[in-house]
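# Remarks on the overall topology
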Amino acid sequence: METLVDVVLLSFLVVIAIAIVRTKDLLAVVMLTGIYGLLSASFFVVLDAVDVAFTEASVGAGISGLLMLAAISMTGRTESPKRHKPLLALFVVLITGGMLIYGTMDMPYFGSFDAPIHQHVAPRYINDSMQEVGVPNIVTSVLASYRAFDTLGEVAVIFTAGIGVLSLLALPQRRKSYRLDEPKKEQMYQQHIVLRVISKALIPFILLFALYVQFHGDFGPGGGFQAGVIFAAAIILYAMLFGLDNAKRVFSLSLFQLLAAIGLLLYASVGVVSLFNGGNFLDYNVLADDPIAGQHLGILLIELGVGCTVASVMIIIFFNFAGRREAQQHSTKQNCHELISPELNRNVLNSTELNSTELNSAELSITVLNNGEVK
Amino acid sequence: MILGLYNYWIVVLLMMIGFYIVIAHGNLIKKLVGLTIFQTSVFIFYISMGNVDSGSAPILAEGVSRYSNPLPHVLILTAIVVGIATTALGLALVVRIKESYGSIEEDEIQIQDQLTEDKT
C-alpha cells in the first residue's frame, strides 16, 4: 500500500514538472511550483520524514510561491516564446541522466535495512540520544546538539542572504514621505472586509501555533526553522491584507533587522558560554549542574535564536520585495523616474519614440487610404 | 528490482527536468523555478536513502524499535530554509536586472551588453 502511494505521488511530481517546462505563463508556473512543493511534502510524510515535510509544506508551498509572485509582479508574467537550442540541451540532459541512472545500478534497494547509510552514526543517534541529550525527537537532538556547529553555519547563511536581499532591494529612507500627500489608492485590503475580519481573528492563532511549534520541537515534529517560517507567514498575511504601510507601523523593519542579528548572536554566544564553562564550543553539558538539564537549556536557547533569525529574515525579504513593488508602481503612475535608474528612463524614452513612430505610420496609412479613396 | 530503484530513477528524471529548464530557457525566473525543481529532487533523493522498511518517524516512543535514519532529515530540513533564502536572493537580483535592462530574457540582456561594449 505504501509503495502504491509512493508511486502515485512520484508520478504526480513528474507530471507537474513536465507541465512547468511547457507552460509559458509564469503565474501558472508559480502555482504549479506551489503544488509541487505540497506534493513533495506529502511524499516526505510517507517516507517518515515528518520534520522535513513540515518545513517543505511551509516553505515550498507557502513562502517561496509568495516571493516568486512578488518578483513576477515587478518583472512581467510571460516568458518569451523562443528558446535556446533545445536539441543541444536535450542531448546534455539525456547524457547526464543516463550516467546518473547507471550510477544508481549498484545502490542498495530503497528501504533496505542494511544499507551503508544506516551503519555508521545513525545507530548511535537512535540508541543513545535519549541518555545523552534527553530529547525524544531525534531530529531535534541531532540538529541542535550533535550537529549544532553545522546548524550555526546554516543560520549564518540565512542571515547573510537576508542582508543580501536588503542591500539589493532596500530603498533610501527619505523616499518614505511621498505617500503622505498621495490619496490612498484602492488596494485589495481596502475592499475585502470579510477577508480582513477573518484573518484578524486567525492571525493570533497562527502566531500561537508558531510558538507551539517552536517550544514543542523537542517532543514532536517542529523546531526553530519551521516556527520561524510560520511566524513570518502570519505577519506577511497581515501585511498583505492591511497594506505594507500599516504593517510597517506595527512591525518596524529596523526591529526585525536587529532581531535577525540577535538570533544569530544568541546562538553563537551559547557556544561561547559553554567554552567559558570549561566545555567545547556548543557543548551544552556544562551549562547546568546536570548534563541533561544543560542540554535542555542549550537546545531551548539555540532553537530560540534560530527561530528569531529565520522569522526576521523571511519578514525582511518579503517587506523589501513588497516595498520595492509599491515604489515602482508609484513611480510609473507619477511618471517621475527618480527612483529607477537612468537605463530604465532610456527604455521609457525609447518606447515613447516607438509610440510616435507608430503614430506616424498610422497617419501615413490613413493618408494612403485617403489617397486611394481620392483615386 | 524495478521497484527497488524506482525512487532513484524518478529522482534522476526530476533532476534532469530541472536541469533542462535551467539550460534551455532564457527567462531568469523560469531558470530559478528549474533550480527549485532540481533542489527538491535532491531533497527527495536524500530522504529516500534515509528510509527504512516498516520504520517509524524518528521520534522516540514506547513499543517502536525501528526508526528511519534521522541524519538526512536534519540535513534536508536546514537545506530547505537555506534554499528559500538563496532563492530570494536570486529573485532580488532578477528584479534589479529588470530595472536596469528592462528585460529578464537572457538573450536580450546579452544583446544590450554587447551594444554597450561596442560603444566603449
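No experiment lies behind these values; they were computed from the predicted model shown. (Residues numbered from 1 in each chain as written. Chains lettered and ligands numbered in written order. Predicted model: local features only at pLDDT ≥ 70, side-chain atom pairs only at ≥ 80, totals over all residues. Heavy atoms only, no water.)

## Remarks on the packing of aromatic side chains
The full count for this structure, using the stated rule, is ten aromatic pairs over all chains. Note on Y238 of chain A and F242 of chain A: the rings are 4.7 Å apart at their centroids and 20 degrees apart in plane angle, and the pair reads as stacked. You can see Y238 of chain A and its partner F242 of chain A sitting in helix α10 (residues 224–242), four residues apart, about one turn around the helix. Here F242 of chain A falls in the buried class, since its relative accessible area comes to 8%. Through a chain of ring-to-ring contacts, three or more aromatic side chains come together here, namely Y238, F242, F251 and F256 of chain A. Just above the ring of F113 of chain A sits the side chain of R66 of chain B; from NZ or CZ to the centre is 4.1 Å. (Phe/Tyr/Trp six-rings, centres within 6.5 Å; stacked < 30°, edge-to-face > 60°. Helix = DSSP H or I, 4+ residues; strand = E, 2+ residues; numbered from the N terminus. Buried < 20%, exposed > 50% of the residue type's maximum accessible area, 1.4 Å probe, protein only. Lys NZ or Arg CZ within 6 Å of the ring centre and 35° of its normal.)

## Examining the pattern of salt bridges
Inspection of every chain in the model, using the stated rule, returns seven salt bridges over all chains. The salt bridge involving D25 of chain A is made with R77 of chain A; its shortest N-O contact spans 2.7 Å. One end of the pair, D25 of chain A, is in the loop between α1 (2–22) and α2 (26–46); the other, R77 of chain A, is in the loop between α3 (50–75) and α4 (86–104), with 52 residues separating them in the sequence. According to the relative accessible area criterion, D25 of chain A is partly exposed, its value standing at 24%. With relative accessibility at 42%, the residue R77 of chain A sits in the partly exposed group. K31 of chain B serves as the salt-bridge partner of E106 of chain B, at 3.2 Å between the closest nitrogen and oxygen. Of this pair, E106 of chain B sits in helix α4 (residues 106–119) while K31 of chain B sits in helix α2 (residues 28–50); the two residues are 75 residues apart in sequence, bridging distant segments of the chain. Given the relative accessible area of 32%, E106 of chain B is considered partly exposed. Judged by relative accessible area, K31 of chain B falls into the buried class, the value being 14%. A cluster of three or more residues bridged by salt bridges with shared partners is formed by R324 of chain A together with R96 and E99 of chain B. (Salt bridge = Lys/Arg side-chain N within 4 Å of Asp/Glu carboxyl O.)

## A few points about the interface of chain A and chain B
Between chain A and chain B, the residue contacts involve 101 residues of the former and 83 residues of the latter. Here chain A and chain B share an interface that buries about 8,400 Å² over both sides, 75% of which is from carbon and sulfur atoms. Where chain A touches chain B, the interface holds 17 residue pairs in polar contact (both at pLDDT 80 or more). Per-element tally for the side of chain A that touches chain B: the top contributor is α3 of chain A, with 14 residues. A class-by-class count of the residues in the side of chain A that touches chain B yields 64 nonpolar, 25 polar and twelve charged. (Contact = heavy atoms within 4.5 Å. Buried area = accessible area lost by both parts, 1.4 Å probe. Polar contact = N/O pair within 3.5 Å; in protein donor to acceptor, adjacent residues only side chain to side chain. Nonpolar A, V, L, I, M, F, W, Y, C, P; charged D, E, K, R; others polar.)

## Things to note about the environment of G26 of chain B
Residues and elements named next belong to chain B. Turning to its location among the elements, G26 is positioned in the loop between α1 (2–24) and α2. Taking relative accessible area as the criterion, G26 reaches 3% and is therefore assigned buried. For the pair G26 and P72, spaced 46 residues apart in the sequence, the C-alpha separation amounts to 34 Å.

Interpretation note: all reported values are geometric properties and have no functional meaning in isolation.
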